[in-house]
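The residues making up each chain are set out below.
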Amino acid sequence: MKDVPIAATSCGPARLDLLQSATGLFLALFMWLHMFFVSSILLSKDAFWTVARFFEGYFIFGRPIPLLVSAFVGFIFFIIVAHAALAMRKFPATWRQYRTFWSHMRAMHHADTTLWMVQLVTGFAMFFLASVHLYLMATHPELIGPYASADRVWSGRMWPLYLLLLFAVELHGGVGLYRLAVKWGWWSSNDPLRSRLRMKRAKWGLTLFFLALGLMSLAAYIKIGIAHAPSAGELYLPDWLQAQP
Amino acid sequence: MSRTLTFSIFRHNPGDPGSRPGLDVFTLEEAPGMTLFIALNLLRDEQDPSLAFDFVCRAGVCGSCGMIINGRPGLACRTLTEALPPRITLLPLPTFELIADLSVNTGKWMRALSERLQTWVHLDEETDPDRLEEPMEPERAEAIYELDRCIECGCCVAACGTARMREDFVGAVGLNKIARFRADPRDKRSEAQYFELIGDDEGVFGCMSLLGCQDVCPKSLSLQTQIAFLRRKMVQIGAGFA
């Protein structure tokens, strides 16, 4: 049968779908790494200070270059905007579509359908929550440290935002990774239903793990922030740096 | 001990100007092995002869008796009342044109889908009815048969959040049909031609992987696997990897 060339315009949905998945995968994996970096406060103040200075190139250039962090935050912000723009293609566009999906979801009692609404709501919330956090990180990259971050969380009254952001990110990212796996057929087997059940269990396990890690980290920052409130604004220096002449 | 079942059944006849949509309530004594199909027939025979619903085979083969059963699509003939609570709400399948009460015109929708996706074998040459058909490997024939088990009941479409929001979406039934013809060596269409049919947001890239289709399909078709496979193939074409 005679082949037909594909019009360039008809390739758009394929490319957009792939880009949406790729940006989502990158962001979800990055957020897990980010959580490990942030939770280094649970090890010690020195551990978090070391992680923060590492990203400023302190151990490569011998001095911190906060602009490196700003540049990376700018890159992450670009990926988030791209992912949000791509994901919005799937949002209900009219009140009628919202109402139809909502009544369908409530009637079906179907977990994967309900989880999509969770993704939509958390994704929408992150438009605002993540933007605030990223703007602060981009404009004050030097204020990432055991005391500076804790002061921001407690004295800067950012903990409610971080609490909401934590749940939004972990729920959205966990569901998103699960959906990516079923969407592209990853880790599928001869028994796709069983594979899906396993993936869903793994998804909830990881979500609970990162939520617990995030809550413990946030609690640690709040505790440090309360103790450090009288000296808010003062930056942390490890003992081994204070001892240097 | 038998239960008394309470049915709330959607009633409306769009062809009757005096008809207003609403729910009628019926009660019925449950019997052992009773299916919704049996229950509906009893209600029609004994309580309301005007109750409209579809059935042909009574065995989950024809796909005529699809309806929303307590919120989820399913076949009346394959649903035992003992698997349901005593209060049962029955609604017609959404998306499809309502004929009356629980009867919908899935045929019209499926016909339009078939014409849109060209779901027939596309040959290179004229068919010679006197010539023996080309042999096919049993494994290939089995794979095609597996995809051909779809009975076009419409449950996957009614269970799909995307199809409910976007009327142009071809649904799992459409994607499964493309997978069926793509697997058929007699169909000479190229990947590019399949891409032109389903390589857009009304086709495979519109699917949001909610998997309602997979979870309600009365024939337990591997819709999740087929849609993921088609997505990988179509993205290779559309994103220029093939």
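Remember, predicted model here, so these are calculated numbers, not experimental data.

**Q** I'd love a proper account of the side chain of Ser209 of chain B, names of residues and values included.
**A** As for its position among the elements, Ser209 of chain B is in the loop between helix H7 (191-198) and helix H8 (212-216). Excluding anything up to four places from it in sequence, Ser209 of chain B contacts Arg179, Val182 and Lys183 of chain A together with Arg231 of chain B.

**Q** Which residues make up the packing of aromatic side chains, and what values go with them?
**A** Using the criterion set out here, one finds 22 aromatic pairs over all chains in the structure. Measuring from ring centre to ring centre gives 6.2 Å for Phe72 of chain A and Phe75 of chain A, while their planes differ by 40°; the resulting arrangement is tilted. With Phe72 of chain A and Phe75 of chain A both in helix H4 (residues 66-87), this residue pair falls 3 residues apart, about one helical turn. By relative accessible area, Phe72 of chain A is classed as partly exposed at 38%. Note that Lys203 of chain A overlies the ring of Trp204 of chain A, its terminal NZ or CZ placed 3.7 Å from the centroid. A cation over a ring is seen here: Arg180 of chain B above Phe181 of chain B, with NZ or CZ 4.4 Å from the ring centre.

**Q** Report on unusual backbone geometry, specifying residues and quantitative values.
**A** Notably, Arg157 of chain A is not glycine yet its phi reads approximately 55°, a positive angle. Position of Arg157 of chain A among the secondary structure elements: in the loop between helix H7 (146-153) and helix H8 (159-184). Of note, Ser209 of chain B is a non-glycine position whose phi angle comes to about 55°, a positive value.

**Q** How would you explain the side chain of Thr106 of chain B if you had to name every residue and give the values?
**A** Residue and element names in this part refer to chain B. Secondary-structure assignment places Thr106 in helix H2 (residues 106-117). With a relative accessible area of 15%, Thr106 lands in the buried category. Ignoring any residue separated from it by four or fewer positions in sequence, one finds Thr106 in contact with Phe96, Glu152 and Cys153.

**Q** Tell me about the interface of chain B and chain A, and please be specific about residues and values.
**A** Listed by partner, the interface residues are 46 residues for chain B and 39 residues for chain A. On inspection of chain B and its partner chain A, the count reaches 5 salt bridges. A salt bridge links Arg89 of chain A to Asp201 of chain B, with the shortest nitrogen-to-oxygen separation between them at 3.5 Å. Sorting the residues of the side of chain B that touches chain A by element identifies strand S4 (72-75), helix H5 (161-165), H7, H8 and helix H9 (223-238) of chain B as the ones contributing at least two each. Looking at the side of chain B that touches chain A, its residues break down into 19 nonpolar, 14 polar and 13 charged.

**Q** Residue-level account of the pattern of salt bridges, with values.
**A** A pair can form between side chains of opposite charge whenever their charged atoms are brought close. Tallied over the full model, the rule gives 24 salt bridges over all chains. Ionic pairing is found between Glu56 of chain A and Arg53 of chain A, a salt bridge with its closest N-O pair at 2.6 Å. Judged on exposure class, the residue Glu56 of chain A and its partner Arg53 of chain A are both buried. Close ionic contact of Asp148 of chain B with Arg180 of chain B constitutes a salt bridge, the shortest N to O distance being 3.3 Å. Here Asp148 of chain B, found in the loop between helix H3 (138-147) and helix H4 (155-158), pairs with Arg180 of chain B, found in helix H6 (residues 171-182); they are 32 residues apart in sequence, far enough to count as distant.

**Q** Describe the domain arrangement of chain B, listing the residues and the values that go with them.
**A** Residues and elements named next belong to chain B. Taken domain by domain, chain B consists of domain 1 (4-103) and domain 2 (106-241). Taking only C-alpha atoms, the centre of domain 1 and the centre of domain 2 are 29 Å apart. Contacts between the two partners involve 16 residues from domain 1 and, on the opposite side, 17 residues from domain 2. A combined buried area of about 1,300 Å² lies between domain 1 and domain 2, and 65% of that area is made up of carbon and sulfur atoms. Of all residues in domain 1, Pro73, Thr95 and Phe96 give up the largest surface area on contact with domain 2, accounting jointly for 42% of the area buried on that side. At the surface where domain 1 touches domain 2, the tally comes to 1 salt bridge.

**Q** Give a description of a nonpolar patch on the surface that names residues and reports values.
**A** Nonpolar side chains collect at one region of the surface, where Phe54, Phe55, Phe59 and Trp240 of chain A lie side by side and expose about 420 Å² of accessible area between them. Classification of Phe54 of chain A by relative accessible area gives partly exposed; the value is 48%.

**Q** Requested: an account of the sheet that holds strand S5 (residues 87-91) of chain B, with residues and values cited.
**A** Strand-to-strand pairing in sheets goes through backbone hydrogen bonds, with the strands running parallel or antiparallel. Residues and elements named next belong to chain B. Read across the sheet, 5 strands follow the order S2-S1-S5-S3-S4 without closing on themselves; strand pairing throughout is mixed. Of all the strands in the sheet, just strand S2 (22-29) and S4 have a single pairing partner and so form its edges. Strand-to-strand twist across the sheet, computed as the mean angle between neighbouring axes with direction ignored, equals 35°. Inspection of the sheet shows strand S3 (residues 66-69) paired to S4 by 4 bridges, in the antiparallel sense. In the sheet register, Gly66 faces S4, and the bridge partner there is Leu75.

Each value, and the rule that gives it
- Residues numbered from 1 in each chain as written.
- Chains lettered and ligands numbered in written order.
- Predicted model: local features only at pLDDT ≥ 70, side-chain atom pairs only at ≥ 80, totals over all residues.
- Heavy atoms only, no water.
- Helix = DSSP H or I, 4+ residues; strand = E, 2+ residues; numbered from the N terminus.
- Contact = heavy atoms within 4.5 Å.
- Phe/Tyr/Trp six-rings, centres within 6.5 Å; stacked < 30°, edge-to-face > 60°.
- Buried < 20%, exposed > 50% of the residue type's maximum accessible area, 1.4 Å probe, protein only.
- Lys NZ or Arg CZ within 6 Å of the ring centre and 35° of its normal.
- Salt bridge = Lys/Arg side-chain N within 4 Å of Asp/Glu carboxyl O.
- Nonpolar A, V, L, I, M, F, W, Y, C, P; charged D, E, K, R; others polar.
- Domains from an automatic or database assignment.
- Buried area = accessible area lost by both parts, 1.4 Å probe.
- Patch = residues over 30% accessible without salt bridge, like charges linked within 9 Å, V, L, I, M, F, W, Y side chains within 5 Å.
- Areas by Shrake-Rupley, 256 points an atom, 1.4 Å probe, with all protein chains shown as cover.
- Pairing = 2+ DSSP bridges.
- Axes fitted to C-alpha atoms, helices over the stretch in contact; angles between N-to-C directions.

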